[in-house]
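Residues per chain, in single letters:
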Amino acid sequence: MDYSQLVETYKKLESTTKRLEKTTIISNLLRETKTEDLRMIVLLLQGKIFPAWDEREIGVASRLVIKAISLATGSSANEIEDKWKQTGDLGLVSEHFTTGKRQKTLFSQKLTVKKVFSNLQKLATLEGKGTVTKKIQLLAELLTSASPDEAKYIVRTVLCELRVGIGSGTMRDAIIEAFFDEKDKETVQIVQNAYDLTNDFGEVAEIAKAKGINSLKNIPLTVGRPIKVMLYMKAKNISDGFERVGKPAAIEYKYDGFRIQLHGKNGSIKLFTRRLEDVTAQFPDIVKIVKGLIKADEFILDGEVIGIDAKTKKWLPFQNISQRIKRKYDIEKVAKEVPVMLNLFDAMQVKGENIINKPFRERRTMLKKITEEQPNKLELARQIITSDEKKAEDFYKESLKKGNEGIMMKNLEAVYKPGSRVGYGVKVKPTMENLDVVITGAEWGEGKRANWLTSFTIAIIDDDKNLLEVGKVGTGIKEKEAGLTFEKLTGLLKPLIISEKGREVKVKPEIVIEVSYEEIQKSPTYSSGYALRFPRVISLREDMSADDCSTLNVLEDLYQNQR
Ligand code: AMP
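Computed from a predicted structure; not experimentally measured.

Parameters at a glance
- Residues numbered from 1 in each chain as written.
- Predicted model: local features only at pLDDT ≥ 70, side-chain atom pairs only at ≥ 80, totals over all residues.
- Heavy atoms only, no water.
- Helix = DSSP H or I, 4+ residues; strand = E, 2+ residues; numbered from the N terminus.
- Buried < 20%, exposed > 50% of the residue type's maximum accessible area, 1.4 Å probe, protein only.
- Contact = heavy atoms within 4.5 Å.
- Near = heavy atom within 4 Å.
- Polar contact = N/O pair within 3.5 Å; in protein donor to acceptor, adjacent residues only side chain to side chain.
- Areas by Shrake-Rupley, 256 points an atom, 1.4 Å probe, with all protein chains shown as cover.
- Domains from an automatic or database assignment.
- Buried area = accessible area lost by both parts, 1.4 Å probe.
- Salt bridge = Lys/Arg side-chain N within 4 Å of Asp/Glu carboxyl O.
- Nonpolar A, V, L, I, M, F, W, Y, C, P; charged D, E, K, R; others polar.
- Axes fitted to C-alpha atoms, helices over the stretch in contact; angles between N-to-C directions.
- Parallel < 35°, antiparallel > 145°, perpendicular 65-115°, else oblique.
- Left-handed = near helix turned anticlockwise from the far one by under 90°.
- Core = buried A, V, L, I, M, F, W, Y, C linked by side-chain atoms within 4.5 Å.
- Pairing = 2+ DSSP bridges.
- Phe/Tyr/Trp six-rings, centres within 6.5 Å; stacked < 30°, edge-to-face > 60°.
- Lys NZ or Arg CZ within 6 Å of the ring centre and 35° of its normal.

Comments concerning the side chain of Thr 157
Along the polypeptide, Thr 157 turns up in helix 9 (residues 148–158). With a relative accessible area of 1%, Thr 157 lands in the buried category. Aside from chain neighbours lying at most four places away, what touches Thr 157 is Tyr 3, Leu 44, Gly 47, Ile 58, Leu 120 and Leu 162.

Structure, rendered in structure tokens:
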């Protein structure tokens, strides 16, 4: 397929905000795409070159793109930077300079999607010394052959800024429209499930086209490739919890740590966060525990890692261990200083058998069979099974006393549903629920804070993963000391800056923080229609991405229930 055909689709997608129209535009393209090209096209439509489960990223800096535009168009880096300052979008800049470039028809050839995709993949996988020049050449080669339109979208893709507005719901519906006659609820469920298991719409589209709906129903789990984890809704209190999950229910401690998905095969262990990031290297202690105490050749398990105080052996809240998730150096040393333990609460695959469609009761039994518990190292989530509200209430109090966040109440007969908040389990927590929000903008400070970003614009998401702002937050972050400082946040956000205007900057939505607040108010100021009153930063959620943020539904629910 010519790249220009994909570009026509991008343009059509940009010309409408209506989801149904977007769905049809995408499905038309998918139908015309050869099976062997589907993965590529689906990824590029989403502005990606690797699926979500793949660790690799494009990771190209604006500087490099400027050099490539310069090389391809013969314009100077200064001219390009000036234009960039005016527009804030290197895509437009590249379009502009490509329009004006000298005719190089002699060297240029028609760009195919394959060529664009393979150059971008090469660019992303080059590593080490001397690769910068190579990367510039790979990109410049594309830009030289590109039309102005094509140049714009290539640059936006490289910078992960393709803003054609397709959420995962739209992609799912487009695949259905392209390959199936039925568009009923069941079909939607099957395709959604297939995505939650593979984290790869390209693969889903390929199977849908080549093999049909039955193959989508039976996607095998692969050890080493993370699946989306099951999520839980919030119940108001214990009786509400029972109403939602039924009686008797399994009730468990809700540990205050971070979610971990364990994959093991023949002694090789991998650990993934809920945003599918591989954190095996960061947790040699957990790997050792799992190797020693899980008695199965093959498994995929679900659990929570929590911190324990090295001296008192008491459980510590999440903030204390968050630094370990992204740690790149001195890993063994911090593992000693900040010890952790593993609490397992579910199993998706045991001894090679996919058990996500078995009831929770059975999954827990199978988990228990392969787990050799050892205090403060590896335990099954503490659990009772009861229909008695008084017993549940006592268990809840006991859990809080131990420093946990609350309890989980789970339906004993429910299957494991990757990725969805279906209500097969609910959480009960005492406080006004904190929100996980993504930073979309910030403001440079003044005076002695002039080198730091200080006030942060924060957003939640709707069902289509659109970002909706809910306010600005600056309190809760430290000036010095350990923990989350302005310096640290500034360091994280600086490479993500998309545009600057006066003291205000806009950033790519990648950094997620947990915030508390006193109240939710209706507000016309922010795009969500709500504002958080007195928000305060609690912690950096390095285990989450923008897709994991609190949703508008949750916010509206909290708003309704706060009075
Ligand atoms: P929340 O993040 O508030 O939606 O609560 C759900 C999270 O609680 C899960 O993603 C887990 O990380 C964590 N959690 C702690 N203990 C348990 C448990 N026993 N069962 C399930 N999730 C748990």
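Details of the site of the ligand
For the ligand, the set of nearby residues contains 15 residues, the closest of which are Glu 252, Arg 259, Glu 304, Lys 410 and Lys 427. Glu 252 is positioned with one of its side-chain polar atoms (N or O) 2.9 Å from a nitrogen atom of the ligand. Glu 304 has a polar side-chain atom sitting 2.4 Å from an oxygen atom of the ligand. Here the ligand loses 91% of its free accessible area of 500 Å² to cover by the protein chains. Elements with a contribution of two residues or more to the shell around the ligand: strand 2 (249–254) and strand 11 (406–411).

Considerations on the domain arrangement of the protein chain
Interfaces are often sized by the amount of accessible area the parts lose when they come together. Domains assigned within the protein chain are domain 1 (231–428) and domain 2 (435–562). Here domain 1 and domain 2 have C-alpha centroids that lie 28 Å from each other. Counting from both sides, the interface comprises 14 residues of domain 1 and, opposite them, twelve residues of domain 2. Both faces combined, the contact of domain 1 with domain 2 buries some 1100 Å², and carbon together with sulfur accounts for 51% of it. Interface area lost by domain 1 to domain 2 is led by Arg 274, Arg 275 and Phe 318, which between them contribute 45%. Our count for the contact surface shared by domain 1 and domain 2 stands at zero salt bridges. On the surface where domain 1 and domain 2 come into contact, there are one residue pair in polar contact (both at pLDDT 80 or more). Looking at side-chain class alone, the side of domain 1 that touches domain 2 contains three nonpolar, five polar and six charged residues.

Digging into the packing of helix 2 (residues 19–32) against helix 10 (residues 168–179)
Axis separation between helix 2 and helix 10 bottoms out at 8 Å; the angle between their running directions is 50°. By the angle between their directions, the pair helix 2 and helix 10 is classed as oblique. For the element pair helix 2 and helix 10, the recorded crossing hand is right-handed. Contacts from Arg 19, Lys 22, Thr 23, Thr 24, Ile 26, Ser 27, Leu 30 and Arg 31 in helix 2 reach Gly 169, Thr 170, Met 171, Arg 172, Asp 173, Ala 174, Ile 175, Glu 177, Ala 178 and Phe 179 in helix 10. Partitioned by chemical class, the residues of the contact of helix 2 with helix 10 number seven nonpolar, five polar and six charged.

Remarks on the nonpolar core
Judged by nonpolar contacts, the single largest core of 107 residues is most densely connected at Tyr 3, Tyr 10, Leu 30, Leu 45, Leu 90, Ile 154 and Leu 216. Sorting elements by how many residues they give to this core places helix 3 (residues 38–45) first, with seven residues. Apart from the residues within four sequence positions on either side, Leu 30 is in contact with Leu 38, Ile 41, Val 42, Leu 45, Ala 174, Ile 175, Ala 178 and Phe 179. Counting 35 residues, the second-largest nonpolar core is a separate cluster that includes Ala 442, Ile 477, Leu 496 and Ile 497.

Observations concerning the environment of Glu 182
Note on placement: Glu 182 falls in the loop between helix 10 and helix 11 (185–198). Ignoring sequence-local partners within four residues, the contact set of Glu 182 consists of Ile 176 and Thr 187.

Quick word on the sheet that holds strand 1 (residues 233–234)
Strand order across the open sheet formed by five strands is 1-12-11-2-10, with mixed pairing between neighbours. Two strands close off the open sheet at either side, each with one partner strand: strand 1 and strand 10 (383–386). Where strand 1 meets strand 12 (residues 425–428), two bridges bridge the pair, whose relative direction is parallel. The partner of Met 233 across the bridge, within strand 12, is Val 426. Helix 17 (residues 360–370) contacts strand 2, strand 10 and strand 11 of the sheet and is inclined by roughly 55° relative to strand 2.

Some details on the packing of aromatic side chains
Inspection of the entire model under this criterion finds ten aromatic pairs. Ring geometry for Tyr 195 against Phe 201: centres 3.8 Å apart, planes inclined by 0°, an arrangement best described as stacked. Residue classification places Phe 201 among the buried residues on the basis of a relative accessible area of 2%. The ring centre of Tyr 329 lies 4.4 Å from the NZ or CZ of Arg 327, which sits over that ring. Directly above the aromatic system of Phe 318 lies the positively charged group of Arg 541, at a separation of 3.9 Å from the ring centroid.

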